[in-house]
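Examining the three-dimensional arrangement
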Amino acid sequence: MIIRYFLICTFPFAPFFTRAQSLAAADSLFEEGRYLEARVAYEYLLFQRPGASDRVNLLLLKKAYCFKAEGLYNEAYETLQQADFFAGSDSLKQTLYYEVALAAYVSGQHDVALSRLQEMFYYFPDHNLPMAFLLEILCLNQLQRWDDAAKRYQQLQTRLHLAGDNPYKGRRIKPKNPDRAETWSYVLPGSGQVYAGYGARGVSSLLLQSACAAFATYSFHNGFYFSGAFTGVSLFYMFYNGGARYARSLTEKTNAKRLNALNEAVLKSAQELKK
Amino acid sequence: MRVIACSILVLIGAKVVMAQTSAYNMAFARYLMARQHDDEAIYVLQKLDTELSGPARHDSVAYLLGNIYYRQQNLALSSRYFDQVSDANPRLKSEAEFFSGFNHAYMRLTADAYSRFLRYLPGDSILQHLRIFELAGLALLQRNLARYDSLDALLQPAQVYLTRQQTANFRQYHGRIRELPRKSPGVAVALSAVLPGAGRFYAGNRGQGIYTFLISAMLGLQTWEAYEKAGLRSFRFIAYSTLFTSLYVGTLWGSAFAVKIKRDQVNETIDNQILFDMHIPLRTFFH
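Residues numbered from 1 in each chain as written. Chains lettered and ligands numbered in written order. Predicted model: local features only at pLDDT ≥ 70, side-chain atom pairs only at ≥ 80, totals over all residues. Heavy atoms only, no water.

Attention now goes to the overall build of chain A. Helix and strand counts for chain A come out as 13 helices and 0 strands. Against the 2.2 N^0.38 benchmark of 19 Å for 275 residues, chain A shows a C-alpha radius of gyration of 30 Å, more extended than a compact globule. Structurally, chain A occupies a C-alpha span of about 115 × 50 × 30 Å along its principal axes. A burial count over chain A gives 43% of its 275 residues as buried. A separation of at least 24 residues holds for 56% of the contacts in chain A among residues at least 6 apart in sequence. (Helix = DSSP H or I, 4+ residues; strand = E, 2+ residues; numbered from the N terminus. Rg over C-alpha atoms; globule rule 2.2 N^0.38 Å. Buried < 20%, exposed > 50% of the residue type's maximum accessible area, 1.4 Å probe, protein only. Contact = heavy atoms within 4.5 Å.)

Now the structure itself:
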């Protein structure tokens, strides 16, 4: 009788002996900032008894939070991708959609993030996640869909009664064209840099190329044909082509700066959303 | 009496439970590995290693850790764990021995790799053949052609399908190593002194040789022009002659290194091909 009782008690519970075998224990590891151990604990629960889809989704979400806390956004995205977005409670599904979109956005997959958010808006038009709207606006900015982003911001402002300035009003949003900057620099050296917003660099580029051209002309005029060709013309040619390419890269830099400034302005309104 | 019986039962039960738990956790570690959650698998295995008792369990942990670090290209750690696998499990031991030896070869610790393969004496005939094959690859890596010839003579009659193609490749590399031209840095410098760029051309970098010649010719012509038209004391001549002299000295210096750099590049290419061919039969046989 004792033996039978003992065996019944022991064997089914053998795998549950260590600490990492309950959700509460895994959560406490996360709270303590022991993210790797927490991840292992969540994965252990998934391995042990996956159970219903909503429980799996919850475990995957918690594991993704660990990755997020470690700054491993791509891994967080990959983890959330395993979730079943059609199972579980509505609030859990909404959180999953938002978190997968956020992880995709931070790992640089802006189009994926936007499509996940749009899926969420389609299935849950009355969701209660204002940050999702904000994330959508940031995605639209990254994808250079400025008009859609401005429209969505306007809607967000009206819907949530946000005070403060509209960052899309009175701001130069449209990006400068890198091709145009390069072409301008070919026509008039230095003008591409000025177009990109770097006046001093444009003037110095113009001066440098003028000096090379002057040296070539002076050398030819005084009978120094080799110096004129190999030093004056060669250097001019190098600076001429290099300057045009530099104008292109400066334009791209300006565009990135403007986009960051716009995103910063939009994120400032997030402070109000948090309140 | 009843109390003693119960105590014994509790002890046996605890032992059984521990064994069951560790087997389950080992299965969990394998599950993590299959999903490529390497950092999590390493954490679980290292924890298991401290909790387990018995050489068989320790061997499995060491073998799995060796495999994870091998996949992560952390070859020094991989070898450290492979070396901990004992003789208790011949299947794990043989794989650990071969991969540890290969890791050392890949890290260019060829003398260590050679002594490892020399020490290891497998009982199985196919493993014996594989060992000779790896030793032949190491002989090529060490450029010990006489030793390679004697090992190749052992490989030749066996004609094992597992290594047939790679053995033929080894023979090709052997030919290439034998025919590698032995170029002298001194000759390269002398050639560059006569004609700038010729040293690099001789070293085997033809494009660099032509480019150096053209640049030197352009500067030389400008220096000559400055001397002819502006005179020896002119700023133009002093500037161009300084530039030309610097370039000329730099070309001589570069030619001496060009021979060594080119030789290293060719050797590196051959070594990578040898290592690639040493790896293929191991992967095919063990995985």
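Looking now at the overall build of chain B. A tally of regular secondary structure across chain B gives 13 helices and 0 strands. Helices (α) and strands (β) of chain B occur, in sequence order from the N terminus, as α-α-α-α-α-α-α-α-α-α-α-α-α. If one aligns the C-alpha atoms of chain B with their principal axes, the spans along those axes are about 120 × 50 × 25 Å. Considering chain B as a whole, with its 287 residues, one finds that 45% of them fall into the buried category.

Moving on, we get to the packing of helix α6 (residues 90-106) of chain A against helix α8 (residues 130-142) of chain A. All names here are of chain A. In the contact formed by α6 and α8, the axes pass within 11 Å of each other and the chain directions differ by 30°. With respect to α8, the axis of α6 lies roughly parallel. In the packing of α6 onto α8, the handedness of the crossing is left-handed. On α8, the residues that touch Tyr98, Ala101, Leu102 and Tyr105 of α6 are Met131, Ala132, Leu135, Leu138, Cys139 and Gln142. A breakdown of the residues in the contact of α6 with α8 according to their chemical character gives 9 nonpolar, 1 polar and no charged. (Axes fitted to C-alpha atoms, helices over the stretch in contact; angles between N-to-C directions. Parallel < 35°, antiparallel > 145°, perpendicular 65-115°, else oblique. Left-handed = near helix turned anticlockwise from the far one by under 90°. Nonpolar A, V, L, I, M, F, W, Y, C, P; charged D, E, K, R; others polar.)

Here the focus is the domain arrangement of chain A. Taken domain by domain, chain A comprises domain 1 (16-129) and domain 2 (178-264). If you average the C-alpha positions of domain 1 of chain A and of domain 2 of chain A, the two centres end up 51 Å apart. (Domains from an automatic or database assignment.)

Residue and element names in this part refer to chain A. The geometry of α6 relative to helix α7 (residues 110-123) is characterised by a closest axis approach of 7 Å and an angle of 165° between their N-to-C directions. The pairing of α6 with α7 is recorded here as roughly antiparallel in orientation. Along this stretch, α6 crosses α7, giving a crossing that reads as left-handed. Touching Gln94, Tyr97, Tyr98, Val100, Ala101, Ala104 and Tyr105 of α6 are His110, Val112, Ala113, Arg116, Leu117, Glu119, Met120 and Tyr123, all from α7.

Inspection of the entire model under this criterion finds 34 aromatic pairs over all chains. Summarising the aromatic geometry, the rings of Tyr153 of chain A and Tyr168 of chain A are spaced 5.8 Å apart at their centres and angled 50° between planes, so their arrangement reads as tilted. On the criterion of sequence distance, the pair formed by Tyr153 of chain A in helix α9 (residues 146-160) and Tyr168 of chain A in the loop between α9 and α10 (178-187) is long-range, its members being 15 residues apart. The pair formed by Tyr153 of chain A and Tyr168 of chain A is uniform in burial state, with each residue classed as buried. Judged by centre distance (5.6 Å) and plane angle (20°), the ring pair of Phe236 of chain A and Tyr240 of chain A falls under stacked. Pair noted here: Phe236 of chain A and Tyr240 of chain A are both in helix α13 (residues 225-274), with a separation of 4 residues, about one helical turn. Overall, the relative accessible area of 22% leaves Tyr240 of chain A in the partly exposed class. Clustering of aromatic rings is evident, with ring pairs tying together Tyr63, Tyr70, Phe82, Phe98, Phe99, Phe117, Tyr120, Phe285 and Phe286 of chain B. Over the face of the ring belonging to Phe85 of chain A we find Arg116 of chain A, whose NZ or CZ atom lies 4.3 Å from the ring centre. (Phe/Tyr/Trp six-rings, centres within 6.5 Å; stacked < 30°, edge-to-face > 60°. Lys NZ or Arg CZ within 6 Å of the ring centre and 35° of its normal.)

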